[in-house]
Amino acid sequence: MQLGDIITTRIDEVVKWGRKFSLWPMPYGTACCAIEFMGVVSSHFDISRFGAELVRFSPRQADLLLVMGTINYKQAPILKRIYEQMCEPKWVISMGACASSGGFYDNYSVVQGIDEIIPVDVYVPGCPPRPEQLLDAIVKLQQKLQGIKENHIELPA
Amino acid sequence: MQLALDRLKENFGPAVLETDNQHGNETAVIAKDKIVEVIRFLRDTEGLEFNFMMDLAGADYPEREERFEVVYHLYSLKIKKRIRLKVRVAENQLVIPTIISLYKAANWFEREAFDMYGIRFEGHPNLKRILTFDEFEGHPLRKDYPVNKRPKIPTPDPLIKV
């Protein structure tokens, strides 16, 4: 294959491919996971290698909501409103133990996982997760929105 | 040396219900109706001048007859000493006078004690919940608040409603 050659494909595949490498994240950082996110966007780990470096601080310009940190009941309607303000198509990554399950805050004030409020595409475990884990989550999300199923490794019987 | 406690006993005698002094950690249990006077005395008396309200908190001791306690921590920037005052409050008489007239800082602390324990501060200008949301039911730091109880997701604040 060389420059000037023609390939045939379907338009939805091209659109998905385009979306995949131009995720615009909106950080919703409430705790230490957001500090890890700073590492991910900075040069060491560099989220832009995966095309998701254009951090927007307005939900109306973003299509990837990164929920990083503890979400309590008082914040829940705010998070929901921010999610609703994002244009379709949109995706959500729940980063860290707190956002995914409430973490060790098993008490009266903390929502036990943001999936009580909004749908989540990828969960990232860890307290806080390593930056590589967030990169991995973004790669997983890219596979998901391209429609690629995860590789299954058959374990020997 | 227990400067502040001695002065308190001298001036308020029967209103000082109990005192304790562990390694200079002065503590006094004060009668509820005298607390504002006692704190004003500590703040305004020359040689004491407890002019810094460091903390105000509630506490719950379910086994006691007077179940709740309000704890005041004062610090004197003049003599560099601390004092802790406690007031016991019964559950059926959960009202205590506010000390906002003495320390403006007490405003939010009293709201917190109200939010967490349901202790009402008489004369408080804006006694509503501060940490939890308005529709929250119960007072979560009470010992009989169920550990597994979870509130409903609240309705949005008017500011973020459509």
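Residues numbered from 1 in each chain as written. Chains lettered and ligands numbered in written order. Predicted model: local features only at pLDDT ≥ 70, side-chain atom pairs only at ≥ 80, totals over all residues. Heavy atoms only, no water.

### Observations regarding the overall build of chain A
Right, on to step 1. Counting its secondary structure elements, chain A contains 5 helices and 4 strands.
Right, on to step 2. By its C-alpha atoms, chain A is 60 × 50 × 30 Å across when sized along the principal axes.
Right, on to step 3. Every one of the 157 residues in chain A was classed for burial, and the buried ones make up 41%.
Right, on to step 4. At a minimum sequence separation of 6, the contacts of chain A that also span at least 24 residues come to 77%.
Right, on to step 5. Of the accessible surface of chain A, which amounts to about 9000 Å², a share of 57% is contributed by carbon and sulfur atoms.
Right, on to step 6. Considering chain A, the positive charge centre built from 15 side chains and the negative charge centre built from 17 side chains are found 6 Å apart. (Helix = DSSP H or I, 4+ residues; strand = E, 2+ residues; numbered from the N terminus. Buried < 20%, exposed > 50% of the residue type's maximum accessible area, 1.4 Å probe, protein only. Contact = heavy atoms within 4.5 Å. Areas by Shrake-Rupley, 256 points an atom, 1.4 Å probe, with all protein chains shown as cover. Lys, Arg positive; Asp, Glu negative; His and termini not counted. Charge placed at Lys NZ, Arg CZ, Asp CG, Glu CD.)

### Some points on the sheet that holds strand 2 (residues 25–30) of chain B
All names here are of chain B.
Right, on to step 1. Pairing is mixed in the open sheet, where 5 strands are placed in the order 1-2-5-4-3. The strands lining the two open edges of the sheet, one partner per strand, are strand 1 (16–22) and strand 3 (52–60). In this sheet, adjacent strand axes meet at a mean angle of 20 degrees when their direction is disregarded.
Right, on to step 2. Pairing between strand 4 (residues 68–76) and strand 5 (residues 81–89): 9 bridges, direction antiparallel. In the strand pairing of strand 5, Leu74 is matched with Ile83.
Right, on to step 3. The strands that helix 2 (residues 35–44) touches are strand 2, strand 4 and strand 5; relative to strand 5, the one it contacts most, it runs at about 175 degrees.
Right, on to step 4. Set on the sheet, helix 3 (residues 106–117) makes contact with strand 3 and strand 4; between it and strand 3 the angle comes to about 10 degrees. (Pairing = 2+ DSSP bridges. Axes fitted to C-alpha atoms, helices over the stretch in contact; angles between N-to-C directions.)

### Observations concerning the pairing of strand 2 (residues 64–68) of chain A
Residue and element names in this part refer to chain A.
Right, on to step 1. Within strand 2, 5 of the 5 residues are buried, leaving the element largely enclosed by the surrounding structure.
Right, on to step 2. Here strand 2 shows a buried face lined by Leu64, Leu66 and Met68 and a second buried face lined by Leu65 and Val67.
Right, on to step 3. Bridge count for strand 1 (residues 25–29) against strand 2 is 5 bridges, and the pairing is parallel. Among the inter-strand pairings, Gly29 is bridged to a residue of strand 2, identified as Met68.
Right, on to step 4. Crossover strand 1 to strand 2 through helix 2 (residues 32–41) is left-handed.
Right, on to step 5. Relative to strand 3 (residues 91–95), strand 2 runs parallel, the two sharing 5 bridges. Within strand 3, the residue paired with Leu66 across the bridge is Ile93.
Right, on to step 6. Taking the sense of rotation as the criterion, the β-α-β connection linking strand 2, helix 3 (residues 76–85) and strand 3 turns out right-handed. (Right-handed = clockwise from strand over helix to strand, strands pointing away.)

### Here's the deal with the layout of surface pockets
Residues and elements named next belong to chain B.
Right, on to step 1. Each pocket or cavity is described by its volume, and for the second largest pocket that value is around 190 Å³.
Right, on to step 2. Lining the second largest pocket, in full, are Phe133, Glu135, Phe136, Glu137, Tyr145, Lys149, Arg150, Pro151, Lys152, Ile153, Pro154 and Thr155.
Right, on to step 3. When grouped by side-chain class, the residues that make up the lining of the second largest pocket number 6 nonpolar, 1 polar and 5 charged. (1 Å grid on protein atoms, 1.4 Å probe; cavity = no way out; pocket = protein on both sides within 12 Å on 5 of 7 lines; lining within 4 Å. Points joined across faces, edges and corners; volume = space filled by probe spheres on them. Nonpolar A, V, L, I, M, F, W, Y, C, P; charged D, E, K, R; others polar.)

### Structural notes on the packing of helix 1 (residues 3–12) of chain B against helix 2 of chain B
All names here are of chain B.
Right, on to step 1. Two elements in contact, helix 1 and helix 2, have axes separated by 11 Å at closest approach and are oriented at 130 degrees. Relative to helix 2, the element helix 1 lies oblique. The two elements helix 1 and helix 2 cross, and the hand of that crossing is right-handed. Residue-level contacts link Arg7, Leu8, Asn11 and Phe12 of helix 1 to Glu37, Val38, Phe41 and Leu42 of helix 2.
Right, on to step 2. In the contact of helix 1 with helix 2, the residues fall into 5 nonpolar, 1 polar and 2 charged. (Parallel < 35°, antiparallel > 145°, perpendicular 65-115°, else oblique. Left-handed = near helix turned anticlockwise from the far one by under 90°.)

### Concerning a nonpolar patch on the surface
Residue and element names in this part refer to chain A.
Right, on to step 1. A contiguous nonpolar patch, built from Ile11, Val14 and Val15 and spanning about 270 Å² of accessible area, is present on the exposed surface.
Right, on to step 2. By the element assignment, Val15 lies in helix 1 (residues 11–20).
Right, on to step 3. On the basis of relative accessible area, Val15 is assigned to the partly exposed category, the value being 37%. (Patch = residues over 30% accessible without salt bridge, like charges linked within 9 Å, V, L, I, M, F, W, Y side chains within 5 Å. Salt bridge = Lys/Arg side-chain N within 4 Å of Asp/Glu carboxyl O.)

### Quick look at the nonpolar core
Right, on to step 1. Residues Leu65 and Val67 of chain A together with Leu8, Leu42, Tyr72, Leu85 and Ile99 of chain B are the most contacted members of the largest nonpolar core, which totals 62 residues.
Right, on to step 2. At 6 residues, helix 2 of chain B tops the list of elements feeding residues into this core.
Right, on to step 3. The residues contacting Ile99 of chain B, other than those within four sequence positions of it, are Val36, Ile39, Met53, Leu56, Tyr72, Ala106 and Glu110 of chain B.
Right, on to step 4. Counting 22 residues, the second largest nonpolar core, distinct from the first, contains Val55, Leu66, Met68 and Val122 of chain A. (Core = buried A, V, L, I, M, F, W, Y, C linked by side-chain atoms within 4.5 Å.)

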